[in-house]
Amino acid sequence: MTPSPYDFAPLLDAFPDIRDSLHGASNRRFDPIDFARHGFALNAPAESWGDNHQRFIDDRCVGELSDDSLADHESAAPAWRAFACLALGYLLGLYQTERIIGLQFEAADAQLAGFMFLHSPVFETF
């Protein structure tokens, strides 16, 4: 059964363990690409991560996930960006393996910010 692209709760539940695992494997704390690649690998072979995926995440990190855009989140901004990239990578993996289509990707992407705002107190704990 294909995981629902609209249900980010399992990713949020796993976020502390994913964060600890990624931080243990690298000295880069809350690196958005590490989180995006991890999310991607949950649904697609890690070796199929490509330049187009990298650019998508990079573009988001200089746009709505930039330091300036996340300034209101203060000390939680790195965790906020990391989770968003984890979820976006997850969606990219579903799309890469053709388990969702473009419209599903776009709808889930649009719902991500709302999900995160509903759970924003959680990100203060990282």
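Everything numeric here is computed off the predicted structure, so don't read it as measured data.

Cut-offs and rules
Residues numbered from 1 in each chain as written. Predicted model: local features only at pLDDT ≥ 70, side-chain atom pairs only at ≥ 80, totals over all residues. Heavy atoms only, no water. 1 Å grid on protein atoms, 1.4 Å probe; cavity = no way out; pocket = protein on both sides within 12 Å on 5 of 7 lines; lining within 4 Å. Points joined across faces, edges and corners; volume = space filled by probe spheres on them. Helix = DSSP H or I, 4+ residues; strand = E, 2+ residues; numbered from the N terminus. Nonpolar A, V, L, I, M, F, W, Y, C, P; charged D, E, K, R; others polar. Core = buried A, V, L, I, M, F, W, Y, C linked by side-chain atoms within 4.5 Å. Buried < 20%, exposed > 50% of the residue type's maximum accessible area, 1.4 Å probe, protein only. Contact = heavy atoms within 4.5 Å.

Chemist: Could you clarify how one ought to interpret the layout of surface pockets in this entry?
Modeler: Where empty space is left can be seen by rolling a probe of water-molecule size over the atoms. The computed volume of the largest pocket comes to approximately 190 Å³. Around the largest pocket, the lining is made up of 14 residues, and of these Glu64, Leu65, Trp80, Ala113 and Met116 lie nearest the centre. Contributing elements (two or more residues each) for the lining of the largest pocket: α4 (77–96) and α5 (102–118). Considering every element that reaches the lining of the largest pocket, the biggest residue donor is α5, with 5 residues. Its residues assigned to classes, the lining of the largest pocket shows 9 nonpolar, 2 polar and 3 charged.

Chemist: Can you walk me through the nonpolar core in this structure?
Modeler: Generally speaking, nonpolar side chains in soluble globular proteins are found buried as a group. Counting 39 residues, the largest nonpolar core has Phe8, Phe15, Phe35, Ile57, Phe83 and Phe123 as the members making the most contacts within it. Contributions of two or more residues to this core are made by α1 (9–25), α2 (32–41), α3 (51–62), α4 and α5. Ranked by residues supplied to this core, first place goes to α4 with 14 residues. Excluding its chain neighbours within four sequence positions, the residues that come into contact with phenylalanine 15 are Phe30, Phe35, Ala79, Ala82, Phe83, Leu86, Phe123 and Phe126.

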